[in-house]
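Per-entry structural report
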Amino acid sequence: MNRPDWAPPEIDVDRPAVARVYDYYLGGLHNFAVDREFAAQVLQAMPDLPTHAQENRAFLRRAVRFLTAQGIDQFVDLGSGIPTVGNVHEVAQRADADSRVVYVDWDPVAVAHSRAILDGNHRASVIAADLRQPGQVLDDPALRQLIDLDRPVAVLLVSVLHFVPDDQRPREIVSEFAKAVAPGSYLVISHASSEGQPEQAARLQALYNKSASPMRVRSRAEISALFGDLTLVDPGVVQMPLWRPDSSDDVGPDVESYPGYAGVARIG
């Protein structure tokens, strides 16, 4: 295929990528034909996935607003993907102009577009890194330039841990990040689940497992276990639309079939 002008030269435009496929679900423009073809297969298995993706983004925004209300002004967004309207820095800096945000992703398109969007914003940056290597992420000079790990920070793992299979130790990865930040920090997780729509979730997982980004949907109990012994804030680990909705009108009648859970925990 022809390479768009905005596509970094090092990326493979012939294989679908998680960040670009998710961008397509959200109605974004930074995806290729191969991503849209893969997304079309996924949407046959789970037609409501774009709505679920929007709900996930809405949860992210609510969580960031909650955290800023708790006095958090530092955010590390792991597996951040391609920026969309209402991203972390926009929400956090609207509440507190001094908020600092570092996005972390290993997809070149996500990193390139994050850099373009953040150009001129001296309190937000992006680093190209693998969240499965917490030490390398937290020791990155660009992250340390903005984030003071001796002060409370929010660690965000939103819609990304289902791409970390069991043999890559997702619980240990989360624990390493939690141990590295100051008391009073927070951990935010959202995750695709096998509950709610088990047959569709199984088909979804099977499709992704044929791609370069294998998927592991998890039960509510397994997602809750990712928080370890951290203290969950109310309402705990719940289906994403049920986590502190702005209004009861935002919770649809089919919420019990929503195939994903989310939670926020305080560290220390």
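The preceding data block contains the structure.
Since we're looking at a predicted model, the values are computed, not measured. (Residues numbered from 1 in each chain as written. Predicted model: local features only at pLDDT ≥ 70, side-chain atom pairs only at ≥ 80, totals over all residues. Heavy atoms only, no water.)

**Considerations on the nonpolar core**
So the rule is basically this: Among buried residues, those of type Ala, Val, Leu, Ile, Met, Phe, Trp, Tyr and Cys that are joined through side-chain atoms within 4.5 Å constitute a nonpolar core. Type-normalised accessible area, obtained with a 1.4 Å probe on protein chains alone, sets the label of each residue: buried when under 20%, exposed when over 50%, and partly exposed for intermediate values. Each helix is a run of H or I in the DSSP string that is no shorter than four residues. Each strand is a run of E no shorter than two, and both are numbered from the N terminus. Whether two residues touch is decided by their heavy atoms; if any such pair falls within 4.5 Å, the residues are in contact.
L78, L157 and L187 are the most contacted members of the largest nonpolar core, which totals 34 residues. The set of elements that each furnish at least two residues to this core consists of β1 (74-78), β2 (100-105), α6 (134-139), α7 (141-146), β4 (154-158), α8 (170-180), β5 (185-192) and β8 (260-267). Of the residues forming this core, the biggest block, 4 residues, is contributed by α8. Aside from chain neighbours lying at most four places away, what touches L78 is V104, L131, V137, V155, L156, L157, V158, V160 and F177. Core analysis: the second largest hydrophobic core is formed by 29 residues, V88, V111, Y258 and A262 among them.

**Notes on the environment of S211**
What counts here: Counting of polar contacts relies on pairs of N or O atoms within 3.5 Å, with two restrictions inside protein: one atom must be capable of donating a hydrogen and the other of accepting it, and residues adjacent in sequence are counted only when both atoms are side-chain atoms.
The topology assignment puts S211 in the loop between α9 (198-208) and α10 (220-225). In this structure the C-alpha to C-alpha distance between S211 and V233, which are 22 residues apart in sequence, comes to 35 Å. There is a polar contact of 3.1 Å between the side chain of S211 and the backbone nitrogen of S213.

**Side note on the pattern of salt bridges**
When the charged atoms of two side chains with opposite charge come close together, those side chains can pair. Keep this limit in mind: For salt bridges, the criterion is a side-chain nitrogen of Lys or Arg within 4 Å of an Asp or Glu carboxyl oxygen.
Taken as a whole, this structure holds 10 salt bridges when the rule is applied. Between D98 and R123 there is a salt bridge; the shortest N-O distance is 3.4 Å. Within this pair, whereas D98 is found in the loop between α4 (88-95) and β2, its partner R123 is found in the loop between α5 (108-118) and β3 (124-128), the two being separated by 25 residues in sequence. Note on D98: relative accessible area 45%, which makes it partly exposed. For R123, a relative accessible area of 34% translates into the label partly exposed. The partner of E176 in a salt bridge is R169, with the nearest N and O atoms 3.8 Å apart.

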